[in-house]
Every structure is written in C-alpha cells, then in structure tokens.
Amino acid sequence: MRGRTPDRLCAEALDLAREAAEDAAFPGKIGDHLGVVAEGDRVVTHFFECQEIGYRGWRWAVTVARASRARSVTLDETALLPGPDALLAPEWVPWSERLRPGDLGPGDLLPTESDDPRLEPGYSGEDIPPPNSVLAEEAWEGDAGLAAAEDADLSTNEPGEFPGVPARGSIAAVAEEIGMGRPRVLSRHGLRTAADRWEEAYGPGTPMAQAAPASCMSCGFLVPMAGSLKQAFGVCANEFSPADGRVVSLAYGCGAHSEAAVMPKPPHPAPPVLDETRVDELDLGGGGGADSAGGASGDGTSGGPEA
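First, a word on what this report is: a plain description of the structure on this page. Throughout this document, residue positions are counted from 1 along each chain, in the order its sequence is written. Under the rules for a predicted model, residues below a pLDDT of 70 receive no local features and side-chain atom pairs below 80 are neither given nor counted, while totals for whole chains, interfaces and linings still include all residues. Calculation of side-chain values draws on the structure's entire complement of heavy atoms; hydrogens and water are dropped beforehand.

### Overview of the side chain of S258
Thought 1: For the purposes of this entry, the term helix denotes a DSSP run of H or I that reaches at least four residues, the term strand denotes a run of E that reaches at least two, and both are numbered from the N terminus. Checked against the element boundaries, S258 lands in the loop between β7 (247–249) and α9 (287–298).
Thought 2: Side-chain polar atoms of S258 contact the backbone nitrogen of G220, separated by 2.7 Å.
Thought 3: We call two residues contacting when some pair of their heavy atoms lies within 4.5 Å. When near neighbours in sequence (up to four residues on either side) are disregarded, S258 contacts T112, L119, S218, C219, G220 and F221. Pairs of N or O atoms within 3.5 Å make up the polar contacts considered here, provided that, within protein, one atom can donate a hydrogen while the other can accept it, and that residues adjacent in sequence are counted only when both atoms are side-chain atoms.

### Considerations on helix α2 (residues 14–25)
Thought 1: Here α2 is twelve residues long and its end C-alpha atoms lie 16 Å apart, about the 16 Å a rise of 1.5 Å per residue gives.
Thought 2: Buried positions along α2 lie against β1 (30–40), β2 (43–50), β3 (58–65) and β4 (74–82). In this scheme, a helix's expected span is set at 1.5 Å multiplied by one less than its residue total.

### Some details on empty space enclosed by the protein
Thought 1: Cavity means a closed set of points on a 1 Å grid over the protein atoms alone, one where a 1.4 Å probe fits but cannot get out, pocket means an open set with protein on both sides within 12 Å along at least 5 of 7 lines, and lining means a residue has an atom within 4 Å of a point. Grid points are joined across faces, edges and corners, and a volume is the space filled by probe spheres set on the points. One pass over the full model with this rule turns up one cavity of 30 Å³ or more.
Thought 2: Of the pockets and cavities examined, the largest cavity occupies roughly 100 Å³.
Thought 3: Forming the walls of the largest cavity are 15 residues, and the residues nearest its centre are C216, C219, C236, S241 and C254.
Thought 4: Within the lining of the largest cavity, the residues separate by chemical class into eleven nonpolar, four polar and no charged. Polar here means any residue other than Ala, Val, Leu, Ile, Met, Phe, Trp, Tyr, Cys and Pro, which are nonpolar, and Asp, Glu, Lys and Arg, which are charged; Gly is therefore polar.

### Some thoughts on the packing of aromatic side chains
Thought 1: Note on aromatic pairs: the rings of Phe, Tyr and Trp (six-membered ring only in Trp) are paired at centre separations within 6.5 Å, and the planes decide the class, stacked below 30 degrees, edge-to-face beyond 60, tilted for the rest. A full pass over the atoms with the stated rule returns three aromatic pairs.
Thought 2: Plain terms: the ring middles of Y202 and Y252 are 5.6 Å apart, the flat faces sit at 90 degrees to each other, and that makes the pair edge-to-face. Pair noted here: Y202 is in the loop between α7 (188–201) and α8 (207–210) and Y252 is in the loop between β7 and α9, with a separation of 50 residues, a long-range link. Each member of the pair, Y202 as well as Y252, is classed as buried.
Thought 3: A cation sits over an aromatic face here: R59 above F47, 4.1 Å from the ring centre. Burial classes: relative accessible area under 20% of the type maximum marks a residue as buried, over 50% as exposed, and values in between as partly exposed (1.4 Å probe, protein chains only). For a lysine, the NZ atom is tested; for an arginine, the CZ atom; a charge sits over a ring if that atom is within 6 Å of the ring centre and within 35 degrees of the ring normal.

### Remarks on α7
Thought 1: Taking 1.5 Å of rise per residue, the 14 residues of α7 would be expected to cover 20 Å, and the 20 Å separating its terminal C-alpha atoms lies within 8% of that figure.
Thought 2: What α7 keeps buried is the set G190, A194 and A195. The buried residues of α7 occupy one face: seen down the axis, they fall within an arc of 130 degrees. α7 presents R188, H189 and E200 as exposed residues on the side facing more than 90 degrees away from its buried surface.
Thought 3: Structurally, α7 contributes buried residues whose contacts are with β6 (233–236). Note: the arc covers the axis-to-C-beta directions of the helix.

### Topic: the sheet that holds β6
Thought 1: Note on pairing: two strands pair once DSSP finds at least 2 bridges between them. Taken together, the three strands give an open sheet; going across it, the order is β5-β6-β7, and neighbouring strands pair in antiparallel fashion. Taken across any chain shown, the strands that pair with only one partner, and hence form the sheet edges, are β5 (222–224) and β7. Between one strand axis and the next, the sheet turns by 50 degrees as a mean value, whatever way the strands run.
Thought 2: One ladder, built from three bridges, connects β5 with β6; its direction is antiparallel. From the neighbouring strand, L222 faces β6, where its bridge partner is C236. The axes are straight lines fitted to the C-alpha atoms, using for helices just the contacting stretch, and the angles between their N-to-C directions are given from 0 to 180°.

### With respect to the nonpolar core
Thought 1: For our purposes a nonpolar core is just a set of buried Ala, Val, Leu, Ile, Met, Phe, Trp, Tyr and Cys residues, chained together by side-chain atoms within 4.5 Å. One finds L110, A243, V248 and Y252 to be the most contacted residues of the largest nonpolar core, which totals 16 residues.
Thought 2: With residues near it in sequence (within four places) discarded, L110 still touches W95, L99, L104, F240, G255, A256, H257 and A260.
Thought 3: In this structure, A17, V44, C50 and A86 belong to the second largest nonpolar core, which totals 14 residues.

Structure below.
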C-alpha cells in the first residue's frame, strides 16, 4: 500500500491536515511538513514535525481520505507517532526479570510463583512402601540393586586395602569412625560468640526481619545446619534475599519468603453492628407522664368510681 502513488487531492489537502495537527497538539507547536505516504486507495497520511520537548524525532501523523468520485477530502484520524530517529523508552521488561540480588529492602515483598523451579514440595504425598515390604525388597534387592539405583560403583577392596586408613585401635581411627576426624572443634565459648554475631547481623531485631511477612523457619529457601546450632540457625539460599549465602537466625525473615505469594493477610475486624460503647439518653422525667395521666382521667375513660 505504501509503495503506491498518493492520491492527488488528498496529498494537496495540506491545510486541512495542518489544522487537524494543530488542534491535536494544542497548545504545542507544529513544525515543518515532512511528507505524505499513501495508506490505500484515496487514503493519505501527512507527517508534521513535532516540536514538543521530550519528543525528539516524533511526528504528527494526520490521515485524510475521500470517497470514490468525490472531490472533497475529509479528516480520518490524527496521532503522534515515532519517526525513524525518535527518542523511545527502552523495551519494557517484567519486574521479575529486572530484579537483581540486593534490590530487596526492608518492607518490600517479593511474591514467589507457585511453579518456581527453585522450590519443590516438602512432601510428595505418595505412599512409600515400608522397608520390610515386598516392593521394598524388589526395589532394593542386595547391594547390586542399591548401587544401580544410586548410580554408584561398588568397590571390592578390603577395608585394610584403602589408602590412608588409621591403625586399628588408635584414637584417630575411633574419631574417624564416628565422624570426628578433626583434631580440635569449637568450644562452647566459640559457639556462643559465633551465634551472637550471626544473631546481630541476621536476627529478628533487624529492620528487614521486623517488616518480613514470616520467619525463615517456614521458608523453603532455608538450608538446615548440622550440629547444635541447627536449632537456631540455617543458611539462606535465595539469591534475591539480602542474606543469600549467609547464616541466618530461624527468627529472621525478609520479603523474599518462599510462601510470600500465598501468605494470608491478617484479617480486619468488621465494623460493629451495635455500638455498645455509646450511651443512649432516655427521657425519664415526670412532666410528660403527668400530662398523659391527666388527659386520661379527664376524658372519662379512667377506671375510678363515678361521683
């Protein structure tokens, strides 16, 4: 359509197009005429320079048309369109893709999608056969079945043939057997001082934790720790959390909680139907009652004996 020759009458309707552009741009100013483009049969668009601040390279587009065998040209539509060298805003990117680690602040809430690939259900809900059932024996029959399931290679070496095995009966051998191969471990004082540092940096008293919707204890991004500190601390594994890769208190929290999308809002009490704190004034004076009694006795309808 745009490659054809513009209609002569529509192309000559320059005054009509400029007047329409000035009405649309009011109180702005219209620049020079930039040319015409044929949109179809007897449909032409006139382009005018836009002189508005902040719209560099934009053009006012005024489309005019005329009916078949008609001499009069009518206005179709007017719009502000970007030109080839127009100053445009960058392509819109969803907030979930713009977010970067460190952007989350105190009071911010980062909803987690229900199908987030970083999370999975804490329990599958499937029935797992007990260890002594027939299914369990078929699935884990012997060491060969266990190795095939775990994709592990069985070794036929004798215990004494492994390199670096401590001498039997030594303290090192006993320590290695029960998982205590280190010469020294943290003392009670070392554990307490470390816990105090972690509690101060990522504990419940921080501004982030005070504004969090829930604590790390119920967050799916929390990696439990081993040892005695696992009762109070864990490691955060959420890249958008300010505590990513840090040891956090179970009472700590942030807006990137794994259940932020489904976290229920605190209910607001409904307005009271009856205001029991208001005192209603009742007229207990005898003026109105006396008048009523007098009126009742004066009309001859009272129950007293007749004179």
